[in-house]
Amino acid sequence: MSGTAAAGGALAVTAAGLSSAAAAETGRGAPAAGSPADAGAAPVTVRPADRRYADLRRGTNQRWVGSPEHIVLATSTADVVRAVQQAVDSGRRLAVRSGGHCYENFTTSDDIAVLLDLSRMDDIAYDERRRAFSVQPGAALGRVYDRLYKGWGVYLPAGNCPTVAAGGHIQGGGYGSMSRRDGLAVDHLYGIEIVVVGADGRARAVTATREPDDPNRELWWAHTGGGGGNFGVVTRYWLRSPDARGDDPAAQLPAPPREVWLSEVAWPWEELTESRFTRLMWNHGDWHTRNSAPDSPYTALFSQLKPFHKSGGAVVLDSLVDADAPGAERLLRSYIAEVGAGVGVQPQVRQYRRMPWLHATQWPGFTGPDPTVRFKGKSVYARRTYTDAQISAAYRHLTRDDFHNPGALLMIASYGGAVNRVAPDATAVPQRDSVLKYQVVSLWQDAADDAANIAWVRECYRDMFAATGGVPVPNDTTDGCFVNYADVDLGDPRWNSSGVPWHELYYKGGYRRLQRVKAAWDPTGFFRHAQSVRPA
């Protein structure tokens, strides 16, 4: 399959420009890459002497600062093909960045000579031929929500941080505050345009869709949760819900709520004993165990429980509910009451208000970190409430006196609902019966504090999952880790003594299928990082 023009009009652009195969494509949708509709502005190349280099050599996580020979800011698929081909021909290592929110150094490691930055590729449009919305990888989620909603009254149930770009977010799975109601972002992914490198060393753009007769369908499948940096450079996503009918753009993706209720309550640490904290955590986990089925009325509700380190002052519960849902305000009040039941501490009400959905996408209760911070995070899929041992370990680390950082916490998100309506093998996200998704994470400012914060995250996580080798192995309580919260420790026996490899924690049994896609579409392993899929 690799190294030749795949069937079905897959070949779109080569390093020399628009190919004859691409020019002939008519059956599968949008203007071919490299056509006038894809021309964009001229690409920009930034080298170390350029004043912009200091900004562009890093992403959001300030722990990671790269030193590439040059940075290419592409504006079109043709730019991407050329940049990839030049890297292949010169033997230079290339990495790809859309928004720069990677948890690890996958785009900044010392061996990377070329950084391909897609942030200028941020177009969002409706493709009438494909009956799908075309979103380029550099489009930040806040822009995606704004354009889709203002233009057509629809949205994508994706992440809560408006500065995260569509690129890596979508292909890693993509979840957020409306996923319990409408599923993951990848559950609405119709197709991709992607630049790949064949066995012949030739870069080309191909398309792959979920259509049953698409010969490249497995390549599409690999991008429904397979993670970034594995198979090529995605230059366009097409979004359309599987049950969409007709030609009306407003019917191709879900409509978001008109309004939502937002709430923030907090339990002060000064009033929390270990038994009170244990009750709070048990209530929270048990509620989600009971109220996360796809047909639950509570799929309209999303929440983040944030037990900060005691130096942060409180355990915070941020919640959102679709105000259009039957009894929405009653659902929200009942949820907060059940989480706090029997704790013996009256929570402080910090916020309680109703507001339009689009404005609520910028609410700081759910948005991502300050882009000037350093951070380390480790993820968990949970199938049911926490064990007593997990709660005890969390309490011990959250109340340590030898560590002080108000930005260290467990960030525990509601999950399940419509997410769990999809079969585990329908996409590359195999975790389809979890009810919570969370991370042990710390955010800090000063590089001098790196060692202390990284150690706190590692030790808290290890102790919470001590019974299973320091990681949340798939069992009746946990179900592995989230690929978009990349964590190289999962491959380090000092922090993972479970015998379960990192790829099983991310992908479970789907890894072998991803390996076959890798072998077919990136047989030379040109696209790689510390946790990239290895060819079969």
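For every chain, the first residue of the written sequence is number 1, and numbering continues from 1 onward in sequence order. Residues qualify for local features only when their pLDDT is at least 70, as the model is predicted, and side-chain atom pairs are given and counted only at 80 or more; totals for whole chains, interfaces and linings, by contrast, use all residues. For the side-chain quantities, the full set of heavy atoms in the structure was used; hydrogens and water were omitted.

Heads up, the condition is: UniProt positions are given in the numbering used here, feature names are shortened, and annotations may be inferred rather than shown by experiment.
Under the annotation held in an unreviewed UniProt entry, the protein chain carries the name FAD-linked oxidase and is attributed to Streptomyces caelestis. Word for word, the UniProt comment on the protein chain under Cofactor (unreviewed entry) is "FAD". Regarding the protein chain, the UniProt comment filed under Sequence similarities (unreviewed entry) reads as follows: "Belongs to the oxygen-dependent FAD-linked oxidoreductase family."

A closer look at the sheet that holds strand S12 (residues 259-268)
Stated formally: Pairing between strands is defined by DSSP: at least two bridges between the two strands are required. A run of H or I in DSSP counts as a helix once it spans at least four residues, and a run of E counts as a strand once it spans at least two, with each numbered from the N terminus. Interaxial angles span 0 to 180 degrees and are taken between N-to-C directions of axes, which are lines fitted to C-alpha atoms, for helices over the stretch in contact. Should any heavy atoms of two residues lie within 4.5 Å, those residues are considered in contact.
Reading across the sheet, the seven strands line up as S15-S12-S14-S13-S17-S18-S16 and stay open at both edges, with antiparallel pairing between neighbours. Edge positions in the open sheet fall to strand S15 (348-356) and strand S16 (374-382), since each of these has one partner strand only. Between one strand axis and the next, the sheet turns through 15° on average, direction left out of account. In the packing of helix H8 (residues 274-290) onto the sheet, the strands contacted are S12, strand S13 (301-307), strand S14 (314-322), strand S17 (408-414) and strand S18 (436-444), and the crossing angle to S13 comes to about 155°.

Thoughts on the packing of H8 against helix H11 (residues 388-398)
Put simply, the rule is: By definition in this entry, angles of less than 35 degrees are roughly parallel, angles greater than 145 are roughly antiparallel, angles of 65 to 115 are roughly perpendicular, and the rest are oblique. Put simply, a crossing is left-handed when the front helix is turned counterclockwise from the back one by less than a right angle, and right-handed when it is turned clockwise.
Between H8 and H11, whose axes approach to 10 Å, the crossing angle comes to 125°. In this view, H8 runs oblique relative to H11, as classed from their interaxial angle. The crossing of H8 and H11 is right-handed. Residue-level inspection shows Glu274, Phe277, Thr278, Met281 and Trp282 of H8 in contact with H11, the latter providing Ile391, Ser392, Tyr395 and Leu398.

Section: the packing of aromatic side chains
Put simply, the test is: Only rings of Phe, Tyr and Trp enter the pairing, Trp through its six-membered ring, and a pair is recorded when the two centres are within 6.5 Å. The plane angle decides the type: under 30 degrees is stacked, over 60 is edge-to-face, the rest tilted. Here's how the labels work: a residue is buried when its accessible area is under 20% of the maximum for its type, exposed when over 50%, partly exposed in between, all with a 1.4 Å probe on protein chains only. Charge-over-ring contacts are defined here by two conditions on Lys NZ or Arg CZ: a distance within 6 Å of the ring centre and an angle within 35 degrees of the ring normal.
Enumeration over the complete set of coordinates arrives at 28 aromatic pairs. Summarising the aromatic geometry, the rings of Trp502 and Tyr506 are spaced 6.1 Å apart at their centres and angled 65° between planes, so their arrangement reads as edge-to-face. One end of the pair, Trp502, and the other, Tyr506, are both in helix H13 (residues 502-507), four residues apart, so they sit about a helical turn from each other. With relative accessibility at 3%, the residue Tyr506 sits in the buried group. Between the NZ or CZ atom of Arg130 and the centre of the ring of Trp238, over which it lies, the distance is 4.0 Å. Taking NZ or CZ as reference, Arg513 lies 3.8 Å from the ring centre of Trp221, over its face.

Considering the pairing of strand S8 (residues 132-135)
Two strands pair when backbone bridges link them, and strand S7 (residues 124-127) and S8 are joined in this way by four bridges, in the antiparallel orientation. Bridge assignment links Tyr126 to a residue of S8, and that residue is Phe133. Hairpin remark: S7 followed by S8, antiparallel, with four residues in the connecting loop; positive phi at Arg131, about 50°. In the sheet, S8 pairs with strand S11 (residues 233-239) via three bridges, with the strands oriented antiparallel. By the bridge assignment, Ser134 is partnered in S11 with Trp238.

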